[in-house]
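# An overview of the molecular structure
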Amino acid sequence: MGCRAREESPPIWEQVKLGDIAPVQGDQQSGIAALKTISFDIHAFEIPEENLEELDNVWRTLAPEPLRYNNYRAFRANSFAVRFGQVQMWGQIRDALLAAGGHKVMTASLLLTGEQANDFAVTGLSSRRGIYYVAGDDMRHKVNIGPGAIALRLRAEEVPGLRGLCELVVYPVFTLGGTSPIPQLQARAKSREFQFASAAFGLKMARGDLVVLGPKKYANDESTLGGLVFFKPEGSLFFSEAERKPPKLKPALRVFVLVCTRITD
């Protein structure tokens, strides 16, 4: 398994604009070719916040290529970090996360087509609040969102002329969650979404490719986008085998491993 040779591609900001990230609606769908399906597994890990620097052992095993960004400066300013690898490296990645005191909290499988994105819920918002984020103009902005959920939205499209490859785009989004069979209610829910396009990244992926997404720095401020996505202030129970002590509740950080498991041509 692994990655096919990749052709040089223009930067993601030349391919994916905010209007492109938004779901395709109406007659626009008629311009999209019939699409293959792409399957992903998302593995969510938590590590103690105090061990953030130990994530360097994960980043060192992975590569910055072939990742592209809407705005690399804004991506990093929002405290996002992402690296590319392949499934053969899964053992190294898992061992490095476990060595950082982490544990896996869940695995979800997503099936993607070109007509529809799919969301992986990260955390819920029980009330309306103001969230600060760095936008594409490199300036700090505030948006009032909630109640609802912060999710990672995945979109994947086929690569014309190349079999076994897909173009994946991932970005955080505020969403009300759930679906409604009533078109008016569905449209209303979509109108209240907020897409954090400045934190979008993308790449071409083949079966067996993976990306690791985590915090670039301490992100323990829930009033920021990075804090919402990566920080878990209520903490998790972590067990230290070396100290042989009972599990201890500690503030936690989230790390996500996205693995391409199947592409149907």
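Residues numbered from 1 in each chain as written. Predicted model: local features only at pLDDT ≥ 70, side-chain atom pairs only at ≥ 80, totals over all residues. Heavy atoms only, no water.

### Some thoughts on empty space enclosed by the protein
Worth spelling out the cut-off: Throughout, the protein atoms alone are placed on a 1 Å grid, and a set of points is a cavity if a 1.4 Å probe fits but cannot get out or a pocket if it is open with protein on both sides within 12 Å along at least five of seven lines; lining residues have an atom within 4 Å of a point. Grid points are joined across faces, edges and corners, and a volume is the space filled by probe spheres set on the points. Note on conventions: DSSP H or I runs of at least 4 residues are helices, E runs of at least 2 residues are strands, and numbering of each starts at the N terminus. Under the grouping applied here, Gly and all other residues not named as nonpolar or charged are polar, the nonpolar ones being Ala, Val, Leu, Ile, Met, Phe, Trp, Tyr, Cys and Pro and the charged ones Asp, Glu, Lys and Arg.
If you walk through the whole model with that rule in mind, you get one cavity of 30 Å³ or more. Its boundaries defined by the atoms lining it, the largest cavity holds a volume of some 30 Å³. Together, Tyr 69, Tyr 72, Phe 75, Arg 76, Phe 80, Ala 81, Val 82 and Arg 83 line the largest cavity. Contributions of two or more residues to the lining of the largest cavity are made by helix 4 (72-77) and strand 3 (80-86). For the lining of the largest cavity, the element with the highest residue contribution is strand 3, accounting for four residues. Its residues placed into classes, the lining of the largest cavity shows six nonpolar, no polar and two charged.

### A few points about the confidence of the model for the protein
The line we're drawing: One number per residue, pLDDT, summarises how confident the predictor is, and it ranges from 0 to 100. A contact between two residues is defined here by any heavy atoms of the two lying within 4.5 Å.
Taken residue by residue, the protein gives an average pLDDT of 85. The fraction at 70 or more is 81%. Predicted confidence for residues 1-14 stays below pLDDT 50, and this span has 36 contacts to residues more than four positions away or in other chains.

### Considering the packing of aromatic side chains
Inclusion rule: Between 30 and 60 degrees the pair is tilted, below 30 it is stacked and above 60 it is edge-to-face, where a pair is any two Phe, Tyr or Trp rings, Trp via its six-membered ring, whose centres lie within 6.5 Å. Summary of the burial criterion: residues with accessible area below 20% of their type's maximum are buried, those above 50% are exposed, and those between are partly exposed, where the area comes from a 1.4 Å probe applied to protein chains only.
Counted according to the given criterion, the structure contains eleven aromatic pairs. Centre to centre, the rings of Phe 45 and Trp 90 are 6.2 Å apart; their planes meet at 55°, and the pair counts as tilted. Residue Phe 45 is located in strand 1 (residues 37-48), and its partner Trp 90 is located in helix 5 (residues 90-99); the two are separated by 45 residues in the primary sequence. The buried category is assigned to Phe 45, whose relative accessible area is 2%. Aromatic side chains Tyr 133 and Phe 194 sit 5.6 Å apart centroid to centroid with 65° between the ring planes, which places their arrangement in the edge-to-face category. Of this pair, Tyr 133 sits in strand 6 (residues 129-134) while Phe 194 sits in strand 10 (residues 194-195), and the two are 61 residues apart along the sequence.

### So, unusual backbone geometry
With an omega of 5°, the peptide bond running from Glu 65 to Pro 66 counts as cis. Looking at where Pro 66 falls in the secondary structure, it is placed in the loop between helix 3 (56-59) and strand 2 (68-69). Looking along the chain, the bond that leaves Gly 146 and enters Pro 147 is cis, with omega of -10°. One can find Pro 147 in the loop between strand 7 (140-145) and strand 8 (148-158). At Ser 79, a position not held by glycine, the phi torsion is positive, near 70°.

### Focus: the environment of Ser 198
Convention followed: Think of a polar contact as two N or O atoms within 3.5 Å of one another; within protein, one of them needs to be a possible hydrogen donor and the other a possible acceptor, and neighboring residues in sequence only count if both atoms come from side chains.
Position of Ser 198 among the secondary structure elements: in the loop between strand 10 and strand 11 (201-206). Along the chain, Ser 198 and Asp 138 lie 60 residues apart, while their C-alpha atoms are 8.9 Å from each other. If we ignore the near neighbours within four places in the chain, the residues touching Ser 198 are Asn 71, Ala 74, Phe 75, Asn 78, Tyr 133, Val 134, Ala 135 and Gly 136. Engagement of the side chain of Ser 198 in a polar contact is seen with the backbone oxygen of Val 134, the distance being 2.7 Å.

### Some details on the pairing of strand 1
What counts, and what does not: Here the rule is simple: two strands pair whenever DSSP picks up at least two bridges between them.
Of all twelve residues that make up strand 1, eleven are buried, and the element is covered over most of its length. Here strand 1 runs beside strand 14 (residues 248-264); their pairing, made up of twelve bridges, is antiparallel. Residue pairing in the sheet places Ile 47 in a bridge with Leu 253 of strand 14. When strand 1 meets strand 4 (residues 103-112), the two strands line up antiparallel, connected through nine bridges. Following the sheet pairing, Ile 42 is matched in strand 4 by Ala 108.

### Points about the pattern of salt bridges
Using the following cut-off: In what follows, salt bridge is the name for a side-chain nitrogen of Lys or Arg lying within 4 Å of a carboxyl oxygen of Asp or Glu.
Taken as a whole and assessed by the stated rule, the structure comprises nine salt bridges. Here Asp 138 makes a salt bridge to Arg 73, at a shortest N to O gap of 2.9 Å. Of the two residues, Asp 138 is situated in the loop between strand 6 and strand 7 and Arg 73 in helix 4; the sequence distance between them amounts to 65 residues. Notably, a salt bridge pairs Arg 153 with Asp 119, separated by 2.7 Å at the nearest N-O pair. A residue pair is termed long-range when its members are at least 10 positions apart, and Arg 153 in strand 8 and Asp 119 in strand 5 (residues 118-125) qualify at 34 residues. A relative accessible area of 3% places Arg 153 in the buried class. Under the relative-accessibility criterion, Asp 119 is labelled partly exposed at 27%. A single salt-bridge network, built from bridges that share partners, covers Arg 68, Glu 167 and Lys 204.

### With respect to the state of the cysteines
Rules: Pairs of cysteine sulfur atoms within 2.5 Å are what we label disulfides.
Applying the stated criterion across every chain, the model contains zero disulfides. Cysteine Cys 166 remains unbridged, with the sulfur of Cys 260 as its closest cysteine sulfur at 4.8 Å.

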